[in-house]
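# Structural characterization, general
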Amino acid sequence: MIRIKIKPVDIIIFLIFAAVTILSFLAVKKDSASKPMLIITAEKTNYIYPLDKDATYKVEGLLGTSIIQVKDGQAFFVDSPCPNKNCVNAGHISGNGQWNACLPNSVFIHIQQEDSEIDASAF
């Protein structure tokens, strides 16, 4: 029979591990409580809208007007002047980091948490 002796250092290490675990859960919970935002980029301009309010937005791009709708916490292209309509057929986006774009019209939409930072931007 193996006998394990618990030392005071073991207890301290366990308490530190437990504290880090609890703080990690609290940090994740705080991040999930922030509101997602719809960011539309067109003509080197960013437009920021709440994702929890239903609305329709008309955005001017290189070829004409793209129509983007927010409904039930999801954003999607309703119409765009591009010839192949891949952006319209791509469907809805709703989660942090998801995106869609109308490349011919140079209109890009993506979802970002309200308090998260933008990693990079290129125009």
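I will try to describe carefully the structure that is included in this document. (Residues numbered from 1 in each chain as written. Predicted model: local features only at pLDDT ≥ 70, side-chain atom pairs only at ≥ 80, totals over all residues. Heavy atoms only, no water.)

### Some words on the pairing of strand β2 (residues 45-50)
Put simply, the test is: In this scheme, strands are said to pair when DSSP sees at least two bridges between them. Where helices and strands are cited, they refer to DSSP runs of H or I of at least four residues and of E of at least two residues respectively, numbered from the N terminus.
One ladder, built from six bridges, connects strand β1 (residues 36-42) with β2; its direction is antiparallel. Within β2, the residue paired with Ala 42 across the bridge is Thr 45.

### Some words on the pattern of salt bridges
Selection rule: Within this document, salt bridges are pairs made up of a side-chain nitrogen of Lys or Arg and a carboxyl oxygen of Asp or Glu, the two lying within 4 Å of each other. Partly exposed describes any residue whose relative accessible area lies between the buried limit of under 20% and the exposed limit of over 50%, with all areas from a 1.4 Å probe on protein chains only and scaled to the type maximum.
The full count for this structure, using the stated rule, is one salt bridge. Across the pair Lys 85 and Asp 79 runs a salt bridge, and its minimum N-O distance is 3.3 Å. Here Lys 85 falls in the partly exposed class, since its relative accessible area comes to 28%.

### Regarding the nonpolar core
Here is a general trend for soluble globular proteins: nonpolar side chains tend to be buried in one another's company. Definition in use: Buried residues of nine kinds, namely Ala, Val, Leu, Ile, Met, Phe, Trp, Tyr and Cys, make up a nonpolar core once their side-chain atoms join them within 4.5 Å. In what follows, residue pairs with any heavy atoms lying within 4.5 Å of each other are defined as contacts.
Counting residues in hydrophobic clusters, the biggest one holds 17 residues, and the most contacted among them are Leu 38, Ile 40, Ile 68, Ala 75, Phe 77, Val 107 and Ile 109. Listed by contribution, the elements that provide at least two residues to this core are β1, β3 (55-60), β4 (65-71), β5 (74-79) and β7 (107-113). If we skip the residues at most four places from it in the chain, Ile 68 touches Leu 38, Ile 40, Ala 55, Thr 56, Tyr 57, Val 59, Phe 76, Phe 77, Val 107 and Ile 109.

### A few points about the packing of aromatic side chains
Going by this rule: A pair of Phe, Tyr and Trp rings is counted when the ring centres sit within 6.5 Å of each other, with Trp represented by its six-membered ring. The angle between the planes then sorts it: under 30 degrees is stacked, over 60 is edge-to-face, the rest tilted.
A full pass over the atoms with the stated rule returns two aromatic pairs. On the numbers, 3.7 Å between centres and 20 degrees between planes, the contact of Tyr 49 with Tyr 57 is stacked.

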